[in-house]
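# Reading the structure
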Amino acid sequence: MSNPTDLKFLVVDDFSTMRRIVRGLLKEMGCNNVEEAEDGQVALNMLKGSRFDFVVSDINMPNMNGFDLLKAVKADDSLKHLPVLMVTAEARKEDIVLAAQSGAAGYIVKPFTKATLEEKVQKIMQKLAATA
């Protein structure tokens, strides 16, 4: 399971262009099993209805933001094992701290490169493999 190409990703962002960019970067990494959600509420419904291995979520979204999604995932026994990588346009220290305290597996600031995303995903997967 430590190979990201075997994983099923859920990319959550209210901006469709950003979802496409992240999906494209994941594809470049060899991850072809990617689904998208436009906000945390849609994402949560998808997570409850299907099996995913990894969530890449924006923070600022309507309906349910990334922090609320993260809290809902971590509060759900069937989902709390999921790594959630937070993505945001703002590198506010309090957001990074809140993400870590809320159980986020990692944090990336937009715009980011394939190398940054790949490195984060692999680090998170290594950490998960070590604790599995």
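Throughout what follows, the structure given in this document is the object of discussion. (Residues numbered from 1 in each chain as written. Predicted model: local features only at pLDDT ≥ 70, side-chain atom pairs only at ≥ 80, totals over all residues. Heavy atoms only, no water.)

Helix and strand content of the protein chain: five helices and five strands. Shown N-terminal to C-terminal, the secondary structure of the protein chain runs as helices and strands in the order β-α-β-α-β-α-β-α-β-α. Its C-alpha atoms give the protein chain a radius of gyration of 13 Å, within 12% of the compact-globule value 14 Å for 132 residues. Considering only C-alpha atoms, the protein chain reaches an extent of 30 × 30 × 30 Å along its principal axes. Put simply, the protein chain has 132 residues, and 45% of those count as buried. Carbon and sulfur atoms form 52% of the exposed surface of the protein chain, whose accessible area is close to 6,600 Å². Within the protein chain, the 18 negative side-chain charges are centred at a point lying 3 Å from the centre of the 17 positive side-chain charges. (Helix = DSSP H or I, 4+ residues; strand = E, 2+ residues; numbered from the N terminus. Rg over C-alpha atoms; globule rule 2.2 N^0.38 Å. Buried < 20%, exposed > 50% of the residue type's maximum accessible area, 1.4 Å probe, protein only. Areas by Shrake-Rupley, 256 points an atom, 1.4 Å probe, with all protein chains shown as cover. Lys, Arg positive; Asp, Glu negative; His and termini not counted. Charge placed at Lys NZ, Arg CZ, Asp CG, Glu CD.)

As a further point, take the nonpolar core. In terms of nonpolar packing, the biggest core is built from 23 residues, with Leu10, Val12, Leu47, Leu69, Val73 and Met86 touching the most fellow members. At the level of secondary structure, the elements contributing two or more residues to this core comprise strand S1 (9–12), helix H2 (40–49), helix H3 (66–75) and strand S4 (84–88). The contact partners of Met86, leaving out residues within four places of it in the chain, are Ser57, Ile59, Gly66, Phe67, Leu70, Ala99, Ala104, Gly106, Tyr107 and Ile108. In this structure, Leu26, Val34, Ile108 and Met125 belong to the second largest nonpolar core, which totals 20 residues. (Core = buried A, V, L, I, M, F, W, Y, C linked by side-chain atoms within 4.5 Å. Contact = heavy atoms within 4.5 Å.)

Residue position: Asn32 is located in the loop between helix H1 (16–28) and strand S2 (34–37). For the pair Asn32 and Gln126, spaced 94 residues apart in sequence, the C-alpha separation works out to 20 Å.

The next thing to look at is the pattern of salt bridges. When the charged atoms of two side chains with opposite charge come close together, those side chains can pair. According to the stated counting rule, one finds 13 salt bridges in the structure shown. We note a salt bridge from Arg51 to Asp53, for which the minimum N-O separation is 2.5 Å. When the shortest N-O distance is used, the salt bridge between Glu118 and Lys114 registers 3.6 Å. On the criterion of helical spacing, the pair formed by Glu118 and Lys114 is a turn pair, its members being four residues apart in helix H5 (residues 114–131). Overall, Glu118 belongs to the partly exposed group, its relative accessible area being 23%. (Salt bridge = Lys/Arg side-chain N within 4 Å of Asp/Glu carboxyl O.)

Here we come to unusual backbone geometry. With an omega of -10°, the peptide bond between Lys110 and Pro111 qualifies as cis. Looking at the secondary structure, you find Pro111 in the loop between strand S5 (106–109) and H5. In this structure, Asn63 is a non-glycine residue whose phi angle is positive, near 65°. Mapped onto the elements of the fold, Asn63 is located in the loop between strand S3 (54–58) and H3.

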